[in-house]
Amino acid sequence: MQKKKHAQTSFLLAALAGLLFGYDTGVISGALLFIKREFVVSPLLEGVIVAAVLLGCLIGVSVGMPLAQRFGRRATLFLSAVVFIVGTIACTFALDIAWLIAARLILGLAIGISSMCAPVYLAELAPAGVRGRLVTLFQLCITLGILTAYLVDLLLAPHWRGMFFVGVVPAMILLIGILPSPESPRWLLSKGREDKAWEVLLRVRSTKKEAKRELVDIKESLAHQQGGLGTLLKTHLRVALAIGVLLAFFQQVTGINAVIYFAPSIFKAAGFGSDLGALLATVGVGVINVLATIAALYAIDRLGRRYLLLLGLSGMIVTLSALAVGFWIGQGGFLAPLTVASVLMYIMFFAIGLGPGFWLLAAEIFPLEVRSLGMGLATLANWGSNLVVSLTFPMLLHSLGGAGVFSLYAFFSVIAWVFIKGYVPETKGKTLEEIEAYWLGFNRQTKL
Ligand code: BGC
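Remember, it's a predicted structure, so these values are computed and weren't measured experimentally.

Chemist: Would you explain the domain arrangement of the protein in this entry?
Modeler: Size of an interface, as often reported, equals the accessible area lost when the parts are brought together. Per the domain assignment, the segments of the protein are domain 1 (1–181) and domain 2 (224–448). Computed over C-alpha atoms, the centres of domain 1 and domain 2 are 20 Å apart. Counting from both sides, the interface comprises 43 residues of domain 1 and, opposite them, 48 residues of domain 2. With both sides pooled, the region where domain 1 packs onto domain 2 buries about 3800 Å², and carbon together with sulfur makes up 75% of that total. The largest share of the area that domain 1 buries against domain 2 comes from Arg 131, Arg 133 and Tyr 150, three residues that together contribute 17% of it. Connecting domain 1 to domain 2 are two salt bridges. Here Arg 371 and Glu 124 are joined by a salt bridge, their closest N and O atoms 3.0 Å apart. Linking domain 1 with domain 2 are six residue pairs in polar contact (both at pLDDT 80 or more), by the criterion used here. The set of elements that each furnish at least two residues to the side of domain 1 that touches domain 2 consists of helix 1 (2–26), helix 3 (43–71), helix 5 (97–125) and helix 6 (131–156).

Below you can see the structure in the form of structure tokens.
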């Protein structure tokens, strides 16, 4: 019982990193309205304020990768908590726009570091049978963070400094809580610290037998790994790398953050009357996102990753097409309700498929020696594509209109579906070591 409690606390802490990720990316949508009243903000600067976090993330992931490999998952998460606190306080007390942009960049650093490290830590601590559920917990926390940010924005308006400051609470909990948590046994073994790894396994597994089996498995998988980019680019692992990076890309270019960051603008473009109505519908987006992620949490280790990814993408294709058709037919009494219904269903399908599916597969498909590197590259691709989509969405909405931009996202969703159907293996119930063995024996006919 005590053992389980130990493990659960570590899982919750790593998932807290997800909450911070969601909160600090989501909070800007409402805060921006009031920042613009206090400072002179051109449309270009507005874009830069939003994108600064994403740019910081890109840097954070690059820094986080070698840190997680060298100093361990726990120390890296601790560092991210410190940076979260510094960034949050800096945002809260910003005296001018340049300061705010710099502070948002620091926040982005923290999100970048933790977004690559937390899922790896979770996947490495989790027993195989519930790994999907535990890594999905990270995604659930992202959605809870986004929803909290939407609600705090609504409640604290117009106090944008307070909106930022609220983020300090989860950051403090992460900082304090991560200290007594165990280090990843897999990372410890990769550094030759077998005694310590054994201690952790005994602490987080229910029986000694289970711990022993896992220790042997990890050692075996370490024995034939060299690590580094060279390893990752070897023929059999190239496929894993392509899957990680392409899933990251598809998660973003199918339009999720056009909705998460710009939902009120979409609702207004569809003819929504009041600001309040658009903001409330946005809270609806946040709620559905959380609820559908909870459903995914229960389903992902039962129905499997592939099934949920394909189901989710099918729904996204239908709802994005409905949005495109709605905008193409044009304004009319029906466009606003059709848009709200399609956006809500779209979010639901994202949240059961690509939302958790990408983070989970990226955390589990790479062999130990290259796991943080592989995860880092996939996370980098995710933030890079996010940056491009977020910067181009307002422009595309303006130039192509809703019909054009949503057709584009629907088109990418079709390609993603075909790719997943053809190449993504089912990893449900497999140990991380079995997944490694799969890549070693990879050929087109083999399916997990
Ligand atoms: C994505 C984020 C997105 C969030 C929405 C995550 O999986 O990586 O970019 O904002 O889901 O719930």
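Chemist: Is there a simple way to think about the pattern of salt bridges in this case?
Modeler: For side chains of opposite charge, pairing can occur when their charged atoms come near one another. Evaluated as defined, the whole model comprises 12 salt bridges. In this structure, the salt-bridge partner of Arg 186 is Glu 214, at a minimum N-O distance of 3.0 Å. With Arg 186 in helix 9 (residues 185–190) and Glu 214 in helix 11 (residues 208–223), the pair connects residues that are 28 residues apart, well separated along the chain. Note on accessibility: Arg 186 and Glu 214 belong to one class, buried. Of the charged contacts, one joins Arg 305 and Glu 364 as a salt bridge, the two residues approaching to 3.1 Å between their closest N and O atoms. A residue pair is termed long-range when its members are at least 10 positions apart, and Arg 305 in helix 16 (residues 305–329) and Glu 364 in helix 18 (residues 354–364) qualify at 59 residues. Taking the relative accessible area as the measure of exposure, Glu 364 reaches 1% and is therefore buried. Sharing partners across several salt bridges, the network here consists of Arg 73, Glu 124, Arg 371 and Glu 436.

Reading the values: rules and limits
Residues numbered from 1 in each chain as written. Predicted model: local features only at pLDDT ≥ 70, side-chain atom pairs only at ≥ 80, totals over all residues. Heavy atoms only, no water. Domains from an automatic or database assignment. Contact = heavy atoms within 4.5 Å. Buried area = accessible area lost by both parts, 1.4 Å probe. Salt bridge = Lys/Arg side-chain N within 4 Å of Asp/Glu carboxyl O. Polar contact = N/O pair within 3.5 Å; in protein donor to acceptor, adjacent residues only side chain to side chain. Helix = DSSP H or I, 4+ residues; strand = E, 2+ residues; numbered from the N terminus. Buried < 20%, exposed > 50% of the residue type's maximum accessible area, 1.4 Å probe, protein only.

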